Amino acid sequence: MAAVRVCGVDDLAVNEASRVVVDGVPIALVKDAAGDIFAIGDTCTHGDISLAEGFVENDTLECWAHGSMFSLRTGKPLTLPAYEPVPVYQVQIEGGDVLIDPAVTLTV
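Residues numbered from 1 in each chain as written. Predicted model: local features only at pLDDT ≥ 70, side-chain atom pairs only at ≥ 80, totals over all residues. Heavy atoms only, no water.

> Describe in detail unusual backbone geometry, supporting the description with residues and values.
At the junction of Leu-80 and Pro-81, the peptide bond is cis and its omega measures out at 15° in the coordinates. Inspection of the secondary structure assignment puts Pro-81 in the loop between strand 7 (69-71) and strand 8 (88-94). At Asp-23, a position not held by glycine, the phi torsion is positive, near 50°. Counting through the fold element by element, Asp-23 comes out in the loop between strand 2 (17-22) and strand 3 (25-31). (Helix = DSSP H or I, 4+ residues; strand = E, 2+ residues; numbered from the N terminus.)

Following this line, the structure appears as structure tokens:
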């Protein structure tokens, strides 16, 4: 699958997560204070909870249900109870649009 437009850069609020679904894959998008956009798997690995409903702090996204914090850069959990990482997706910016291909994950 090729990368598809999921939203505009300006559609994303700073330090808030948004949920998108691309080809059946739920993804949490975050634009940080520096304007960098991250895309990670939206489902917490500790429970079937949407991470996009959580809290953004620096370069992490915290699950609202149990408090596990995931790195936006690596997908790795930084706090328990989660111990499995979530996938991190490549983000492309073209003409003010955010594009993601859910088949392309980053190895970090």
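Now that the structure is up, let's keep going.
> Can you tell me about the nonpolar core, naming the residues and giving the values?
Ranked by internal contacts, the top residues of the largest apolar core, which has 17 residues, are Ile-40, Leu-51, Leu-61 and Phe-70. Those elements that place two or more of their residues in this core are strand 3 and strand 4 (37-41). If sequence neighbours within four positions are ignored, Leu-61 has contacts with Ala-17, Ala-28, Val-30, Ile-40, Leu-51, Gly-54, Phe-55, Val-56, Ser-68, Met-69, Phe-70 and Leu-72. Grouped together as the second largest cluster of nonpolar side chains are 13 residues, Val-6, Cys-7, Ile-27 and Val-98 included. (Core = buried A, V, L, I, M, F, W, Y, C linked by side-chain atoms within 4.5 Å. Buried < 20%, exposed > 50% of the residue type's maximum accessible area, 1.4 Å probe, protein only. Contact = heavy atoms within 4.5 Å.)

> Describe the side chain of Ser-68, naming the residues involved and giving the relevant values.
Of note, Ser-68 is situated in the loop between strand 6 (60-62) and strand 7. A distance of 2.8 Å separates the side chain of Ser-68 from the backbone nitrogen of Ala-82, its partner in a polar contact. Leaving out residues up to four positions away in the same chain, Ser-68 has contacts with Leu-61, Glu-62, Cys-63, Thr-79, Leu-80, Pro-81 and Ala-82. (Polar contact = N/O pair within 3.5 Å; in protein donor to acceptor, adjacent residues only side chain to side chain.)

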